[in-house]
Each structure stands twice: as structure tokens, then as C-alpha cells.
Amino acid sequence: MFTWSTHQLTEFFTAVNASADESSAIAVAVERATEMVEAETGAVTMGDVVHGAWGFGPDVPVKGILAIAKAPGTLSVPALGDMYAVPSALGDAVDGALVVARLEEPFSPEERQMLQGMAQVLGVALRSIRVLRAERTLRADREREAAERLVLLEQAQIRQRLVETLLTIQRAISNRKPLPEVLDAVTSGTAALLGGAPVALILAEGGRARRLSVASTSGTEGYDFADPDGSHTEAREAMATAQVIMRAVDPGDPAWGTVIAAPVRVTGEMAGSLVAQLPGTTDQYAEQREQLAAFAQQVSLALTDARTVEAVREAHHDPVTGLPNRGLFLKIFNRVLASRGGATEPTSVLFIDLDRFKAVNDSLGHEAGDQLLAAVAGRIRACVRASDTTARLGGDEFAVLLHNSPVDSATAVAERVIATIKEAFKISGRDIFIGASVGVAITRAAAANSDTLLSNADLAMYRAKKEGPGKVVVYEPHMHTEALNYLSLRADLQRALQEGEFRLQYQPLVRLDTGEIAGVEALVRWHSPGRGLVSPVDFIHIAEESGMIVELGQWVLETSAAQVAAWRRTHPDLTLNVNVSGHQLVHPRFAGNVTRALAVAGMPSSAVTLELTESVLMSDPDAAVASLASLRELGVQLSIDDFGTGYSSLAYLRELPVDELKIDRAFIARAELTGEDLALVRTIVELGHILGLRVVAEGIENAAQLEALRRLGCSYGQGFHLCRPEDPPDLPQILARRSLTAIHP
């Protein structure tokens, strides 16, 4: 059964609007749209030209695609056969259509509705890109450049407002808000998008007459949307024609302004209209017309999602654990806040997220996962008072409402929860170990809001997870700002991938006995136009959390392989080390991507070493052995990076098919190594030699460290004392040197 979420659609909207030009916007839109409906092919038509053809191979059936753009039908594709195909108009902003085709089964009304929403978003994005491009062309002098910046800022603000509005609606649905509150979020968001204009959501009631009624309004002072002789005319016409209607309220008197009505669907059926009244004449509002059309498509999808959620809301308790669900929890929360004895009485909420639950669920199955969740619920309830409320919010997330509980008491309860969840669970006849991270939010305010408190506890929980497993963090106001900064950085990171803002530097890997360069390690750098040089420490974890690390990692592999292959023409023994994240390792096409990248670059696999951190390998050693074995079959070398800081088992280390250990820089970071430091490094070096592995020391900063590592028998090293990371144009001169042992930073 086809399923989707407004979160996916919001991500689609963000990705398309982050594109810098038409071709990249079309490419992103086509690929995301085809993937979301599990189609094989897709393209965009504009006039008699096909753009962004995806999945067709070398023979794109241009005539067939152009024919489908006019009416849905069957598309014959060489090597694939006959496919079901549907067009979705890009709207009045751009003359064209998004065409998607797939084998086996036609598209459902819900899928067509979603594709139409995506097409409207793409149309608005293309129009915006064209406006910006035209503005850049026309403004040559300083005064016009200043005007251009204002236009760009206004366009960015419009996009940002639209994204924020969609996110507000999405949160209302995800948080199981009552349907009237979801509808109010729709109209208030539309009003904000249109600069505070009066807005109404007019829906058709059931029955043969299909009478229209106002479901929600915003900013309606002075306007009567309930008048059936007023805006209902445009609303009904928009529903009947499935088109956006815009006309003067009174053609004889422009002072009455303009009414715009955009049709709204629910589960594929015409359900009503989103109506706005604006001051001024119709020729002023071409941009607002397109914004309302695109937003109405998103509202249609959100309301379809809300209708599904409304059905689920009938059950107030989680069937797996028997605990209150999110909806009931928030009702109880609001009742507690309203009945408090005084503003000084503290109310606390814990947001609990399980660590390593997904691994258990994936390895033992959903039945075992449900048993574990039920057992976790029992332990959490045992940690709180009978008067407190425990709920399962969804997935592996729980919440606890603590009555009259100051910060010390709340954190003490959180610590008890973490301690009890750390103890073994007996599931399916075996001992299972998981953990938990807890965020705490507390209020004494008389006008406290349950959604805000729960959201604050959620933010604190994410901070706790970042600090490591088994942590408790109490919410502080600056965390909200940091969360917004995180979202902003994530959006910039997505744009950076599309616009090619990343660069590579290379740091030599040196033989410590001779000083000769044996290889280089590729290090990614991000030079953001707005942020300057962004440290990998600040963006790599975001790339991993969002999944962008797969695309970024592939770019690093392809680019570095091509570069080192060129250097190998004069230095044939030069090798390449590339860092690989856990997300890349488990990607089903990773081995094939590695093979393709090396083949295109002309780089022998034996000259490439893939580096994985110790924590990634040891988080699931059995899966790591299987993944690494497939990579070893390609002929590449494998390395454990940052060795010694994790929790490696010698038994697993012996089983892992690796070739190299890289000693973490923390062991040699002191200006003068202590006896304890030397003993630890000696142990790792001897262990590596016993297992027949290369041993590399990272972070060599001075001559004393270098000499100590030589005496301990460490074969290879990296660090500023030997050579800093260098830009590609500067490295050939360094490679030509015979020895690096005398180089200082």
C-alpha cells in the first residue's frame, strides 16, 4: 500500500528550492518524485523539449514523453517495455509537466495527488529561479545590484516562510493535534505567507448537495467568508475546474480588492478550497497566485495525512505497551498544567529515547522488538510514582510526566530510568542489552504549554545522545537556537553538495624509518560562501544523520581516486587512504560504487585503503565482518581508524579482515610522552605486528614523538611535524622530496 508523509514532501520542497539553477532543480525533482512513488522513469517537459530524463538509459523516448505530457497513457520505453505514465502540470508559473512512469501497476489517486503537489512546487521553484536570473541580468550598476539583493532576500524569505509553515502543519499532524488545530495551522500559515491577508479554508460537507462551510479562518476581521454569495462562488468554481481562480471582488469597484481560490483535495477527491482576499487589483498578485496554488497542493497532502491520523487517534493507548499514546499523554499534560496549585509548583517531563533498539529489532524481528518495548515500559513505570504518567510517543520514544517535581527530583528519576534499562532483558531466550538517553524540561510558569515543554525535552534528549549513551540533559533556552542553527547548517550542507563547494586536501602517510612518502590520506574540506571554512567536526555528523554522507563519501572516493591515479604516473607506489562512514558501509550498493569509482579513475584496488572507525566496526561486529569481507573481495585494503579509543574485543579484532591499525592521536597528543603513554602505544604496535597489520600513528606534532614512535617500532605516521594537509597543486613538489622527517610545521 502506498504511504507517504508530509515530512518527505517538506524535504522534497526544501531540496528543490535549494537548487541554484533550473537543470539541478529539475534533476532533484524528477529523481525524488520517481523514487517516492517507486517508479522506474521520470522527466520534465517544457514546450517540445524533455529535461532531466531519469531511468531511461541512452534511448530516451522523447516523442512518447511529450505525448504523455498532454494526457496520461502508456509509455513504451526501449529495454523496459510498456509503462503506466501520468503527467502533472507545473502550474501557471511554467508551461510544462512532470511525467512519471512505472511498470506493473497504474498510479492511485493519492499518488497522482502527491505528484501534482510536487509538480506545483517545481513550477514555483523554476519561476523563482528565472526571476532571479532575469534580475541578475538587468541590474548592472550598484543601485540595481542593491535592488537585486533585496529581491533575492525577499525570494529567500518567501521560501523560508513556506518551509516554516509546512513544518508547522507537519508538527501539528505528527503530534496528533486535533483536526481543528491542524486546519487552523493551515489558515494561519497561509495568512502569514500572504502577508497577513484574510484566509479561509472552505470545505464541502457530505451528502448530495455538497454544501460548503467554513472550516477555519485567519485574519478575517472585516471579511465575511461565511457569506454563500461571497467567496463561496470562487471556492466552488475552483473545485469544479480544479484550477486556481483569481478575480476582483467587485469588478466595478477595485477598492474591494481581489479574491484568490485554490482547490484542495483529500485522499484524491475534491474537498474544498483555500480562499484569500487581498487588497488591490488582480494584476498585482501573480506571485501570490502561484504561492497559493503550490501551498494548496501541500495542504491537500497534509489534510490527507491528517485524515489518516484522525482515524488512528480513536485509540488512546499504545497496543504494544498498554501505555497512553501521544494524544492521550498531551491531554493529560494539559489537564495537569491547568490544575496546578500555583505558578511556583514545578512540572517536569522526561523524553526518553532508547539506544541500540533498532539493532535488536532488525536482528531478532519485530515480535522480539515489541516484547522489548513492553518490558522497557514496565521498568520505566517502576521508576516513577503512581500519580505520574508514562507514555509511549512512538517508535522507541517514551515520555514521563512528573507532578510537582523540581529539577533535582526529575534528574534523579531520569538516572534511575537509565540504570534500570541498562540491565539485561531476557528476550527470545537470550540476554539483550540496550541503553537510554533522557532529556528533561521543567516549568513553573502559570501559562505553560505542553507541546513546548515536550519539544524542549526532545531537544535536550538529542543533546544527551550527542554527549554519549546513558546521559541525562536538562533543557536550556540556548538549545532551541542551536537546533535552528543545526537546521540551517543542514540546508547549507545540502546546497553545498549540489553546488560543488567541497574540496579535498591530502596529508602524506610517511615511513617513519626512512621518511619516504608511502601514500596520502584524502581529507574533505568545506568552503561555504556564507560561513567560510567549516570544520569537518561541525558538518560530518550532520551529513551522517541526514544520509548525505553517502553522496559526499562517494564524491570523495571518486575525486581522490582520480587525483592519486594521476600522481601515480610519476610515483607508481603511491597509495590512497579514504575515510568511510558506517552509513556507507551498510549501503547496499557501496561495494559496487567503490568498484565503479576505481575503474573510472584507473586506480588499482590494491593501492586503496578504506578507513573505518573502531566504534563503527565494533557496534555490530558480525555485520562488520560480512561487509568488510565483500570489500576485501574487491582487492582494497582496510584500516581501523582511531584505534584504541573504542571497546574492541581481541577475538573480533582477529576475525575482522583488516590490513591496518591507525593509533588514535589521543595516545601521543602530549608534548612529552609519559611512561604510561609509551606503554599503551607499545602494546598497540606489538598487537598489530602479531596480527600482521600495518601500524600507523596519527598526530605526530614534534621530533620527540617521532623518535619515540621509531624506537617503539611503529612503521608509519602522519602529523604536522611530518607534513600538513596540502592542496592538490602543492603536493607534487612534496612528493618529489626524498624525506619528510626533517620538516616542521
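These numbers come from a predicted model, not from an experiment.

Trainee: Give me the overall build of the protein: which residues, what numbers.
Mentor: For the protein, the count of helices and strands is 24 helices and 26 strands. Taken over 745 residues, the protein has a buried fraction of 49%. Long-range pairs, those at least 24 residues apart, make up 63% of the contacts in the protein with a sequence separation of at least 6. Working note: accessible area of the protein is about 34,200 Å², and carbon and sulfur atoms make up 52% of it.

Trainee: Pulling in residues and values, what's your account of the sheet that holds strand β11 (residues 347-355)?
Mentor: Picture the strands of a sheet paired through backbone hydrogen bonds; they go either parallel or antiparallel. Pairing is mixed in the open sheet, where five strands are placed in the order β12-β13-β11-β16-β17. Each of the sheet's edge strands pairs with one partner strand only, and the pair in question is β12 (389-394) and β17 (472-474). Direction aside, the axes of adjacent strands within the sheet are offset by 20° on average. As judged from the three bridges shared by strand β16 (residues 435-443) and β17, these two strands associate in the parallel manner.

Trainee: Which residues make up the pairing of strand β10 (residues 269-278), and what are the values?
Mentor: Extensive coverage of β10 is indicated by the burial of nine of its ten residues. As paired elements, strand β9 (residues 258-266) and β10 share nine bridges and run antiparallel to each other. Residue pairing across strands places V259 opposite Q277, the latter belonging to β10.

Trainee: Let's hear about the nonpolar core: which residues, and what values?
Mentor: In terms of nonpolar packing, the biggest core is built from 71 residues, with F502, M603 and L610 touching the most fellow members. Per element, the largest residue contribution to this core is eight residues, and it comes from helix α16 (residues 549-567). Those residues in contact with L610, other than ones at most four positions away along the chain, are V578, V580, F590, V594, L631, V636, Q637, L638 and S639. In terms of nonpolar packing, the next biggest core, distinct from the first, is built from 33 residues, F13, M46, V121 and L126 among them.

Trainee: Please give an account of the confidence of the model for the protein that cites residues and values.
Mentor: Looking at the protein as a whole, the pLDDT averages 81, with 83% of positions reaching at least 70. Contacts for the low-pLDDT stretch residues 309-315, under 50 throughout, to residues beyond four places or in other chains number eight contacts.

Trainee: Can you break down the sheet that holds strand β4 (residues 81-89) residue by residue, with the values?
Mentor: The five strands lie next to each other as β2-β1-β5-β4-β3, forming an open sheet whose pairing is antiparallel. Either end of the sheet is taken by a strand with one partner, and the two such strands are β2 (49-54) and β3 (73-77). Put simply, the sheet's adjacent strands are angled 30° from each other on average, direction ignored. Examined bridge by bridge, β4 and strand β5 (residues 97-102) share six bridges and lie antiparallel to one another. Paired with P87 across the bridge in β5 is V99. On the sheet, helix α2 (residues 22-36) packs against β1 (41-46), β2 and β5 and is oriented at approximately 140° with respect to β1. Its contacts with the sheet place helix α4 (residues 109-138) against β1, β4 and β5, and it is angled at close to 55° to β4.

Trainee: Give a detailed account of the side chain of S450, specifying residues and quantitative values.
Mentor: Mapped onto the fold, S450 is located in helix α13 (residues 450-467). In contact with S450, other than residues within four places in its own chain, are L330, F333, N334 and L337.

Trainee: For the packing of aromatic side chains, give the residues involved together with the corresponding values.
Mentor: Tallied over the entire structure, the rule returns six aromatic pairs. Linked through ring pairs, F502, W526, F539 and W555 together constitute an aromatic cluster. Just above the ring of F107 sits the side chain of R102; from NZ or CZ to the centre is 4.3 Å. Above the plane of the ring of F425 lies R379, whose end atom (NZ or CZ) is 3.5 Å from the centre.

Trainee: I'd like to hear about the environment of E707, residue by residue, with values.
Mentor: Along the polypeptide, E707 turns up in helix α23 (residues 703-711). It is 9.7 Å that separates the C-alpha atoms of E707 and D513, two residues lying 194 residues apart in sequence.

Trainee: I'd love a proper account of the pattern of salt bridges, names of residues and values included.
Mentor: Oppositely charged side chains may form a pair once their charged atoms are brought near each other. Counted under the stated rule, the structure contains 22 salt bridges. Residue R289 pairs with E290 through a salt bridge whose shortest N-O separation is 3.5 Å. A salt bridge links K662 to E521, with the shortest nitrogen-to-oxygen separation between them at 3.0 Å. Here K662, found in strand β24 (residues 660-663), pairs with E521, found in strand β19 (residues 517-528); they are 141 residues apart in sequence, far enough to count as distant. The pair K662 / E521 is uniform in exposure class, with both members buried. Via salt bridges that share partners, D492, R495, E499, E501 and R531 belong to a single interconnected network.

Trainee: Pulling in residues and values, what's your account of the packing of helix α9 (residues 326-338) against α13?
Mentor: When two helices pack together, their arrangement is given by the angle between the helix axes and by the axis-to-axis distance. It is at 9 Å that the axes of α9 and α13 come closest, and there the two elements cross at 115°. Seen from α9, the contacting residues are R326, F329, L330, F333, N334 and L337; seen from α13, they are S450, D451, L453 and L454. Along the lines of polarity and charge, the residues of the contact of α9 with α13 split into six nonpolar, two polar and two charged.

Trainee: Talk me through the pairing of β16; I want residue IDs and the actual numbers.
Mentor: When you tally the buried positions in β16, you get eight out of nine residues, the bulk of the element. In this structure, β11 lies alongside β16, joined through nine bridges in antiparallel fashion. Among the inter-strand pairings, S348 is bridged to a residue of β16, identified as I442.

Trainee: Give a detailed account of α23, specifying residues and quantitative values.
Mentor: Buried within α23 are the following residues: Q705, L706, A708 and L709. Angular distribution of buried residues about the axis of α23 spans 165°; they occupy a single face of the element. The elements touched by buried residues of α23 are α22 (675-690) and β25 (694-697). Between a side-chain oxygen at the N-terminus of α23 and the backbone nitrogen of A704 the separation is 3.2 Å; the capping residue is N702. Phi for G713, located one or two positions after α23, is positive at around 85°.

Trainee: I'd love a proper account of the environment of A25, names of residues and values included.
Mentor: Along the chain, the position of A25 falls in helix α2. Taking the relative accessible area as the measure of exposure, A25 reaches 0% and is therefore buried. Remark: the alpha-carbon pair of A25 and Q498, spanning 473 residues in sequence, is separated by 9.8 Å. Apart from residues no more than four positions distant in its own chain, A25 is found in contact with V16, S19, L122, L126 and I129.

Trainee: Which residues make up unusual backbone geometry, and what values do they have?
Mentor: Notably, A242 is not glycine yet its phi reads approximately 55°, a positive angle. Take A242: it is sitting in the loop between α7 (232-241) and β8 (245-248).

Trainee: I'd like to hear about the environment of H689, residue by residue, with values.
Mentor: With respect to the helices and strands, H689 occurs in helix α22. H689 gets classed as partly exposed once you look at its relative accessible area, which sits at 39%. Placed 26 residues apart in sequence, H689 and S715 show a C-alpha to C-alpha distance of 9.8 Å. Excluding its chain neighbours within four sequence positions, the residues that come into contact with H689 are V695, G713 and S715.

The rules behind the values
- Residues numbered from 1 in each chain as written.
- Predicted model: local features only at pLDDT ≥ 70, side-chain atom pairs only at ≥ 80, totals over all residues.
- Heavy atoms only, no water.
- Helix = DSSP H or I, 4+ residues; strand = E, 2+ residues; numbered from the N terminus.
- Buried < 20%, exposed > 50% of the residue type's maximum accessible area, 1.4 Å probe, protein only.
- Contact = heavy atoms within 4.5 Å.
- Areas by Shrake-Rupley, 256 points an atom, 1.4 Å probe, with all protein chains shown as cover.
- Pairing = 2+ DSSP bridges.
- Axes fitted to C-alpha atoms, helices over the stretch in contact; angles between N-to-C directions.
- Core = buried A, V, L, I, M, F, W, Y, C linked by side-chain atoms within 4.5 Å.
- pLDDT = per-residue confidence, 0-100.
- Phe/Tyr/Trp six-rings, centres within 6.5 Å; stacked < 30°, edge-to-face > 60°.
- Lys NZ or Arg CZ within 6 Å of the ring centre and 35° of its normal.
- Salt bridge = Lys/Arg side-chain N within 4 Å of Asp/Glu carboxyl O.
- Nonpolar A, V, L, I, M, F, W, Y, C, P; charged D, E, K, R; others polar.
- Arc of directions from axis to C-beta.
- Polar contact = N/O pair within 3.5 Å; in protein donor to acceptor, adjacent residues only side chain to side chain.

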